[in-house]
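Architecture at a glance
Residue-level listing of the chains:
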Amino acid sequence: MPFKVPPTFKSFTLALVQLGNIGANKSDNLRHARAMVLTAASGRADQQKPSIIVLPECFNSPYGHVHFPVYAEEIGYTPGTPYDIAKSKSESVKMLSEVAKETKSWLIGGSIPEKDDTDGKIYNTCTVYSPAGELICMHRKVHLFDIDIPGKITFKESETLTGGKSMNFFDTEFARIGLGICYDVRFPELAMIAARRGCHVLVYPGAFNLTTGPLHWELLQRGRAVDNQVFFSMCSPARDLTAGYHAWGHSMVVNPMGLILSEANEDETIIYADIDPETFKTARAGVPVTTQRRFDVYPDVSVVA
Ligand SMILES: NC(=O)CCC(=O)C(=O)O
């Protein structure tokens, strides 16, 4: 993750697609996701159009460790190297690239199960597209969702997935955006390091559940936003009680003071939030923790990472 001087932070609109109807048929999932991105791009009636559109975690496949190997696609992206979409083996990548280009928007393509043909392993992977449809960044979920709350939920992504090995952010013409995926939000180091490396907004496609969702979904996002004085956002699938995994929904965008700017309920919907750099500046000026750190007492993890 090379450090560059952060670009100017300008106001923009973020759209989160809380996608529903994610079923067993991948082509149907892709068609529906594409249609919802097109709808999101048309924006709210009286507001500016979104500059970034976000899809949820695992948007092209049912969510569950048995499904990942079946739905996994080869992407073959090497960071820092131009990627030829026309030669991509991934139908999801092709669709995402095309719809980013069609809508002339940045697109954070949720996540999909990815098979790396060099190591044979499967990852939970987020890809990002420029308004020209170029694949410009990729994040593999670093922390795998392995939990066991007896009588409530047991889930083990590591049955079939491998954790990613890098932290990732990308620059747009209006902000630096840091990436994580769902369970990554529980590890504050990732968000802290991204913020210290100049990210203004952190976006994590995610899919909490009906046990941990009500307890921690909002708490963690507001915590990460306030700790780091950044905008923080997670985009979930809609809740589907006929699916094997019941997503919490409640996609949201939180500002650097911890205020929720926009929140979905559990149904399929699109939410928008206006990202205002003034809030970022006034939060940091009013509560100046970014200049009060005591690296003489504890190490700066963004340097040692
Ligand atoms: N998809 C996930 O990583 C789910 C994480 C989750 O529900 C949690 O409680 O953490």
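Let me sum up the structure you'll find in this document. (Residues numbered from 1 in each chain as written. Predicted model: local features only at pLDDT ≥ 70, side-chain atom pairs only at ≥ 80, totals over all residues. Heavy atoms only, no water.)

1. What about the sheet that holds strand β12 (residues 231–235)?
The condition that has to hold: We call two strands paired when DSSP finds no fewer than two bridges between them. The numbering of helices and of strands both runs from the N terminus, where a helix is a DSSP run of H or I of at least 4 residues and a strand a run of E of at least 2. As a rule, the C-alpha atoms of each element are fitted with a line to give its axis, helices using only the stretch in contact, and angles between N-to-C directions run from 0 to 180 degrees. Here a residue-residue contact requires only that any non-hydrogen atoms of the pair lie within 4.5 Å.
Judged by pairing direction, the sheet is mixed, and its 6 strands sit side by side in the order β9-β10-β11-β12-β13-β14 without closing on themselves. Single-partner strands in this sheet number two, and they are β9 (168–171) and β14 (260–263). Strand-to-strand twist across the sheet, computed as the mean angle between neighbouring axes with direction ignored, equals 15°. Note: strand β11 (residues 201–205) against β12, 5 bridges, orientation parallel. What sits directly across from Val 203, in β12, is Ser 233. Taken strand by strand, helix α4 (residues 188–196) contacts β10 (176–179), β11 and β12, and its axis lies near 145° from that of β11.

2. Here's the deal with a nonpolar patch on the surface
The condition is simple: Patches in this entry comprise residues that are over 30% relatively accessible and not in a salt bridge; like charges within 9 Å are linked, as are nonpolar side chains (Val, Leu, Ile, Met, Phe, Trp, Tyr) within 5 Å. Surface accessibility in these figures is a Shrake-Rupley result with a 1.4 Å probe; residues are shielded only by whichever protein chains are displayed. The salt bridge criterion pairs a side-chain nitrogen of Lys or Arg with a carboxyl oxygen of Asp or Glu, the two atoms within 4 Å. Type-normalised accessible area, obtained with a 1.4 Å probe on protein chains alone, sets the label of each residue: buried when under 20%, exposed when over 50%, and partly exposed for intermediate values.
Residues Met 257, Val 287 and Val 289 make up a contiguous nonpolar surface patch of about 240 Å² in total accessible area. For Val 289, the position within the fold is in the loop between α6 (277–286) and α7 (301–304). Look at Val 289 and you get partly exposed, because its relative accessible area is 30%.

3. Overview of the pattern of salt bridges
Per the stated rule, a full pass over the model turns up 18 salt bridges. One salt bridge in this structure joins Glu 102 and Arg 34, with 2.9 Å as the shortest N-O distance. Residue Glu 102 is located in helix α3 (residues 91–103), and its partner Arg 34 is located in helix α1 (residues 26–42); the two are separated by 68 residues in the primary sequence. We classify Glu 102 as partly exposed; its relative accessible area is 44%. Between Lys 141 and Glu 57 there is a salt bridge; the shortest N-O distance is 2.8 Å. Linking Lys 141 in the loop between β6 (135–140) and β7 (146–149) with Glu 57 in the loop between β2 (52–54) and α2 (68–71), this pair joins segments that are 84 residues apart in sequence. Considered together, Lys 141 and Glu 57 belong to a single accessibility category, that of buried residues. A single salt-bridge network, built from bridges that share partners, covers Lys 26, Glu 73 and Glu 91.

4. Here we look at the site of the ligand
We apply this condition: Residues are classed as near a molecule or strand on a simple rule: at least one heavy atom within 4 Å of it. Counting of polar contacts relies on pairs of N or O atoms within 3.5 Å, with two restrictions inside protein: one atom must be capable of donating a hydrogen and the other of accepting it, and residues adjacent in sequence are counted only when both atoms are side-chain atoms. Polar here means any residue outside two lists: the nonpolar Ala, Val, Leu, Ile, Met, Phe, Trp, Tyr, Cys and Pro, and the charged Asp, Glu, Lys and Arg; Gly therefore counts as polar.
Looking at the ligand, the residues that line it are Glu 57, Tyr 63, Lys 141, Phe 145, Cys 182, Tyr 183, Arg 186, Ala 207, Phe 208, Asn 209, Thr 212 and Tyr 245. Lys 141 is positioned with one of its side-chain polar atoms (N or O) 2.7 Å from an oxygen atom of the ligand. Within the complex, the protein chains bury 100% of what would otherwise be the 290 Å² of accessible surface of the ligand. Taken together, the residues of the shell around the ligand break down into 7 nonpolar, 2 polar and 3 charged.

5. A few points about the packing of α1 against α3
Put simply, the rule is: Oblique is the label for any angle not under 35 degrees, not over 145, and not in the 65 to 115 range, which are roughly parallel, roughly antiparallel and roughly perpendicular in turn. Left-handed describes a crossing whose near helix is turned anticlockwise from the far helix through less than a right angle; right-handed describes the clockwise counterpart.
α3 packs onto α1 with a crossing angle of 15° between their chain directions and a minimal axis gap of 10 Å. Taken as axis vectors, α1 and α3 run roughly parallel relative to one another. Pair α1 / α3 crosses with right-handed handedness. Where α1 abuts α3, its residues Lys 26, Leu 30, Ala 33, Arg 34, Val 37, Leu 38 and Ala 41 lie against Glu 91, Ser 92, Met 95, Val 99, Glu 102 and Thr 103.

6. Thoughts on the side chain of Ser 88
Its place among the elements puts Ser 88 in the loop between α2 and α3. Here Tyr 83 takes part through its side chain, which lies 2.7 Å from a polar atom of the side chain of Ser 88. Setting aside residues up to four positions removed in sequence, Ser 88 forms contacts with Tyr 83, Val 93 and Lys 94.

7. A few points about the pairing of β6
The buried fraction of β6 is high, at 5 of 6 residues. Two elements, strand β5 (residues 122–129) and β6, share 5 bridges in a ladder whose sense is antiparallel. Looking at the pairing, Val 128 lines up with Cys 137 of β6.

8. With respect to the pairing of β11
The following threshold applies: Orienting the strands away from the viewer, one traces the path from the first strand over the helix to the second; a clockwise path indicates a right-handed crossover.
Counting buried residues along β11, 5 of its 5 residues qualify, which places the element largely inside the surrounding structure. Here β11 shows no split at all, with Val 201, Val 203 and Pro 205 on one side and Leu 202 and Tyr 204 on the other all buried. Pairing analysis gives 3 bridges linking β10 to β11, with the strands arranged parallel. When the bridges of β11 are listed, Leu 179 appears paired with Val 203. Read as a crossover between parallel neighbours, the route from β10 over α4 to β11 is right-handed. The β-α-β motif built from β11, the intervening helix α5 (residues 212–228) and the parallel element β12 has right-handed crossover chirality.

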